[in-house]
Amino acid sequence: MSSRLTGRLQILAVSVAILVAVTLQGIAAFAITVGPIERPPFLWPFLDYPMYEQPRYAGEPIVRQVVVGVLADSTDIVLAPADLGVTFWQFQNILNRAILRDDQAGAEAYRGIYEERYGRSLVAFRLEGHPLVMTEDGLVAGSPVVLGSLGFDPE
Amino acid sequence: MIERLQRGWTRYWFAPAPVVDLAVARIVIVGVQLYILFPAQAALGRLRADSVLPGELYDPLPILHLLVAPLGWTYRPGFEVLELVYWVAVGTGVTALIGLFTNLSLLVFAWSNIFLAAFKWSFGDVHHQNGLIMIALVALALGPAGRSLSVDSWRARFGARNVDQPGGEDQHTSRFALWPLLLIRYVMALAYFSAAYRKMSVAGVDWMNGYTLQHYVLQDAVRWDIPLGLWLGQQFWLIQALSVLTVVWEGTFFLVLIFPRLAWFYVPVGLGFHTMTWIAMRAGFFQFMALYAALVPWRATWLWWLNRRGPGLQSLPVDPTPQT
């Protein structure tokens, strides 16, 4: 095959790759879902970038979320990601959301991890919000509130 | 019409370009991704922890399904497999960095990093810092990234191999040296524009009210206990200025595709932006920072610097090929 033809084939192959990559990034970036293509992260590593998109306003508190596990003897224990061997984001983005959505199935796996690790039975999760508000004197702590709770059906 | 488009496309993406520009991008991008893999103990510890998470939490990304398909569509890699892939990534990262069997090294490095990252993000939690660099690694693997600043190029120069390149190219330029860099710029521009678009479509101008960025800076500063973030979050007017700069910079980043010289503004601002988000918010986008190497005309910059240094340095060998 002549070098000229080889060069043209190379250019054609690379051009297809370029078009595919740019198209996929465009689809993902703007969540242009067509047919079976789902929203990101379905197309990872092609993604959209929606981080920090929500607006915030004066006086809006910064809420630190704290997960409390309720044991069978009604004891409350504060749970941290390290207690379950997961990352901060796996903890926050999955467990916390499951509690807020009353998604028992979604939280069940974390309950199982805790019980296997510590041999104690968890009957509920409670998600507390510990607010901080920006004032002229700096950040001031507000009163904790319960954001959600999720009880497990007795076995 | 089609022929004109074809010629224009070829002129744009496949114009002869210095291979050293691609090589520097290779070194920076591979170097940063290799650095991200360390320390090994922490990385392997995380892989081990994820490998034993309950099956209910495992939700493989489609690309991971594709990568494990030879072993079964629903195959879940165990720690031994992940550890093997990890060390393959480290080994090929080193060879790709020094440019030994460069294209093959880059291909395997890209594959292994995509595998590890896809596994990491297959537990319902996906983050955004390493998506683009995976695309960049594949692009580098398909281009002549080892034609300069590499063991391969030195072996070719001092060995018995013929250094003439196909298609009449010389050893300093290649028709295929520009497209990987352009592709990286395009996906970066789409990513940044997407970020600005989401901010504006969800929040509108309220995103620049100062309180929005202040909230996020303080949220992360409190979460990770960052004194600098706590201080920055309380400088309201500075925060408001930064929020305007953020939206304008992200929303106009695509201009570097039209006016490449604007990289001299966007790259330093971008490096500053991502540095600030790391030190004030622990939001690390080091891989994005590495990708800026694809925007810098390294060879032209080097020649410009040589010319400014005075007549002494002009006796050094200077590549005679035209500057881009």
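Since we're looking at a predicted model, the values are computed, not measured.

With that settled, the discussion passes to the environment of Leu295 of chain B. Residues and elements named next belong to chain B. Mapped onto the secondary structure, Leu295 falls in the loop between α15 (286-291) and α16 (298-309). Between the C-alpha atom of Leu295 and that of Leu71, which follows or precedes it by 224 residues, the distance is 39 Å. Apart from residues no more than four positions distant in its own chain, Leu295 is found in contact with Arg185, Met188, Phe253, Val256, Ala263 and Val267.

Let us look at helix α3 (residues 40-51) of chain B. Along its twelve residues, α3 of chain B runs 16 Å from first to last C-alpha, staying within 8% of the 16 Å computed at 1.5 Å per residue. What α3 of chain B keeps buried is the set Ala40, Leu44, Leu47, Ala49, Asp50 and Ser51 of chain B. Packed against the buried residues of α3 of chain B are α3 (88-100) of chain A together with α5 (79-98) and α6 (102-120) of chain B.

Let us now look at the side chain of Asp152 of chain B. All names here are of chain B. Structurally, Asp152 is set in helix α8 (residues 151-158). Residue class for Asp152 comes out buried when judged on its relative accessible area of 16%. When neighbours within four sequence positions are excluded, Asp152 is seen to be in contact with Gly99, Leu100, Phe101, Thr102 and Gly146.

Moving on: the nonpolar core. One finds Trp44 and Phe125 of chain A together with Ile29 and Phe253 of chain B to be the most contacted residues of the largest nonpolar core, which totals 111 residues. Looking at this core element by element, the count peaks at eleven residues for helix α9 (residues 179-203) of chain B. Among the nonpolar cores identified, the runner-up in size contains 13 residues, and Ala203, Tyr216, Met276 and Ala280 of chain B belong to it.

Moving on: the confidence of the model for chain A. Looking at chain A as a whole, the pLDDT averages 89, with 92% of positions reaching at least 70. Least confident of the elements in chain A is strand β4 (residues 138-141) of chain A, whose mean pLDDT is 86; most confident is strand β2 (residues 76-79) of chain A, at 95.

Position of Met134 of chain B among the secondary structure elements: in helix α7 (residues 131-141). Setting aside chain neighbours within four positions, we find Met134 of chain B in contact with Trp44 and Pro45 of chain A together with Gln33, Asn113, Ile114 and Ala117 of chain B.

What follows concerns the pairing of β2 of chain A. Taken residue by residue, a regular strand's side chains alternate between the two faces of the sheet. The side-chain alternation of β2 of chain A yields one buried face, formed by Ile77 and Leu79 of chain A, and one unburied face, formed by Asp76 and Val78 of chain A. Counted between consecutive antiparallel strands, the loop separating strand β1 (residues 62-71) of chain A from β2 of chain A contains four residues, among which Ser74 of chain A sits at a positive phi close to 70 degrees.

Inspection of every chain in the model, using the stated rule, returns 33 aromatic pairs over all chains. Judged by centre distance (5.5 Å) and plane angle (50 degrees), the rings of Tyr58 of chain B and Phe123 of chain B are tilted. One end of the pair, Tyr58 of chain B, is in the loop between α3 and α4 (62-68); the other, Phe123 of chain B, is in the loop between α6 and α7, with 65 residues separating them in the sequence. Taking the relative accessible area as the measure of exposure, Phe123 of chain B reaches 2% and is therefore buried. Each ring, one from Phe253 of chain B and one from Tyr292 of chain B, has its centre 6.4 Å from the other, and the planes form 35 degrees; the classification is tilted. Taken as a pair, Phe253 of chain B in the loop between α12 (236-252) and α13 (255-258) and Tyr292 of chain B in the loop between α15 and α16 lie far apart in primary sequence, 39 residues in all. Classification of Tyr292 of chain B as buried rests on a relative accessible area of 2%. Taken together, the ring pairs in this structure connect Tyr49 of chain A together with Tyr192, Trp249, Phe253, Phe265, Tyr266, Phe273, Phe285, Phe288 and Tyr292 of chain B into an aromatic cluster. Between Arg48 of chain B and the ring centre of Phe79 of chain B, over which it is positioned, the NZ or CZ distance is 4.0 Å.

Quick notes on the rules
- Here the residue index of a chain counts from 1 through its sequence in written order.
- Key to labels: chains lettered from A, ligands numbered from 1, both in the order written.
- In keeping with the predicted nature of the model, local features appear solely for residues at pLDDT of at least 70, side-chain atom pairs appear and are counted solely at 80 or more, and the whole-chain, interface and lining totals rest on all residues.
- Excluding hydrogens and water, the side-chain values take into account all heavy atoms of the structure.
- Secondary structure counts use DSSP, requiring at least four H or I residues in a row for a helix and at least two E residues in a row for a strand, with both numbered from the N terminus.
- We call two residues in contact when some of their heavy atoms are within 4.5 Å.
- Expected span of a helix, by definition, is 1.5 Å for each gap between consecutive residues, and there is one gap fewer than residues.
- Whether a residue is buried, partly exposed or exposed follows from its accessible area with a 1.4 Å probe, protein chains only, as a fraction of its type maximum: under 20%, in between, or over 50%, in that order.
- Throughout this description, the term nonpolar core refers to a set of buried Ala, Val, Leu, Ile, Met, Phe, Trp, Tyr and Cys residues connected via side-chain atoms within 4.5 Å.
- The pLDDT value tells you how sure the predictor is about a given residue, anywhere from 0 up to 100.
- For two strands to be treated as a pair, DSSP must find no fewer than two bridges joining them.
- Stacked, edge-to-face and tilted are the three classes for Phe, Tyr and Trp ring pairs, Trp counted by its six-membered ring, which pair at centre distances within 6.5 Å; planes under 30 degrees apart are stacked, over 60 edge-to-face, the rest tilted.
- By the criterion adopted, a ring carries a charge over it if an Arg CZ or a Lys NZ lies within 6 Å of its centre and within 35 degrees of its normal.

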